Amino acid sequence: VSICGSHDARTRASGLYDEDVAQPSDLRCPYLRAAFEILPPPGPVSVEVRSEVRPGAGLGGSGAFLNALCAALSVARGNAPTPVDLAETTSWIEINRLACKVGKQDHYLSALGGCHLLSIDRDLSAQAAALSLGPKTARYIADHLLLFDTGISRSASQVLSAQDHNL
């Protein structure tokens, strides 16, 4: 996600989401709209969203997208949130503001980067501990980890809502 000031009074989004609106509240993409409501930019902006992974791939993309978007909006506002603050903000947006049935794990792990052990308590507080991978293990993972596009897309929120219903 990249953000720059807009040359006119319009808000634009391009890439995965192509929109050109008079006000951020007019954005169709609920993730963009919610992030702009919580972290309004200092003025009209152009947002470019690029990803090699399709939305709904099941790889934590919504959490990673919100992290990138909110980090960029924060920097545009002159702030630099800590990874934990960023993860808390973006998980709150997706869980509470957008009412998606998702957990915090994707927000935390993409904000922290690297390899972490994440513990989430019943009160939804989270603690992360960095895991140190030896150079041999890190190299093995880098050499053998493959990512395939199956062409399947799904909403994690819908899957988790169905699971809740079935319980």
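About the cut-offs
Residue positions are given per chain, counted from 1 along the sequence in the order it is written. With the structure being a predicted model, the display of local features is reserved for residues of pLDDT at least 70 and the display and counting of side-chain atom pairs for 80 or more, all residues being used for whole-chain, interface and lining totals. Side-chain metrics in this entry use all non-hydrogen atoms of the structure; hydrogen atoms and water are not considered. Note on classification: 1.4 Å probe, protein chains only; a residue is buried when its accessible area is under 20% of the maximum for its type, exposed when over 50%, partly exposed between these limits. Under the DSSP-based scheme used, a helix requires at least four consecutive residues in state H or I and a strand at least two consecutive residues in state E, with every element numbered from the N terminus. Residues count as neighbours in contact if any of their non-hydrogen atoms are within 4.5 Å of one another. Note: two strands are recorded as paired if DSSP finds a minimum of 2 bridges between them. Patch membership needs two things, relative accessible area over 30% and no salt bridge, and members are linked within 9 Å if like-charged or within 5 Å if nonpolar (Val, Leu, Ile, Met, Phe, Trp, Tyr). Only the protein chains shown count as covering a residue, and every accessible area follows the Shrake-Rupley method with a 1.4 Å probe. Salt bridge, as used here: a side-chain nitrogen of Lys or Arg that lies within 4 Å of a carboxyl oxygen of Asp or Glu. The convention used is that axes are lines fitted to C-alpha atoms, helices contributing only their stretch in contact, and that angles between N-to-C directions extend from 0 to 180 degrees. Crossing handedness follows the turn of the near helix against the far one: under a right angle anticlockwise gives a left-handed crossing, and clockwise gives a right-handed one.

(A) Quick look at helix α1 (residues 30–38). Buried residues of α1: Tyr-31, Leu-32, Ala-34, Ala-35 and Phe-36, and no others. Residues of α1 that are buried in the fold lie against β2 (11–15), β3 (19–21), β4 (45–49), α2 (61–76) and α3 (83–97).

(B) Structural context of the pairing of β2. Bridging between β2 and β3 involves three bridges; their strand directions are antiparallel. Across the sheet, the residue bridging to Arg-12 is Asp-20, located in β3. Here β2 folds back onto β3 in antiparallel fashion, the turn holding three residues. Sheet analysis places β2 next to β4, joined by four bridges and oriented parallel. Bridge pairing in β4 links Gly-15 to Val-49.

(C) Local environment of a nonpolar patch on the surface. Side chains of Leu-133, Tyr-140, Ile-141 and Leu-145 sit close together on the surface and give an oily, nonpolar patch of about 410 Å² of accessible area. Here Tyr-140 lies in helix α5 (residues 135–144). On the basis of relative accessible area, Tyr-140 is assigned to the exposed category, the value being 52%.

(D) The arrangement of the packing of α1 against α2 in detail. Taken N-terminus to C-terminus, the directions of α1 and α2 make an angle of 35 degrees; their axes are 10 Å apart at the nearest point. The handedness of the crossing between α1 and α2 is right-handed. Within the contact between the two elements, α1 uses Tyr-31, Leu-32, Ala-35 and Phe-36 and α2 uses Ser-62, Phe-65, Leu-66, Leu-69, Cys-70 and Leu-73.

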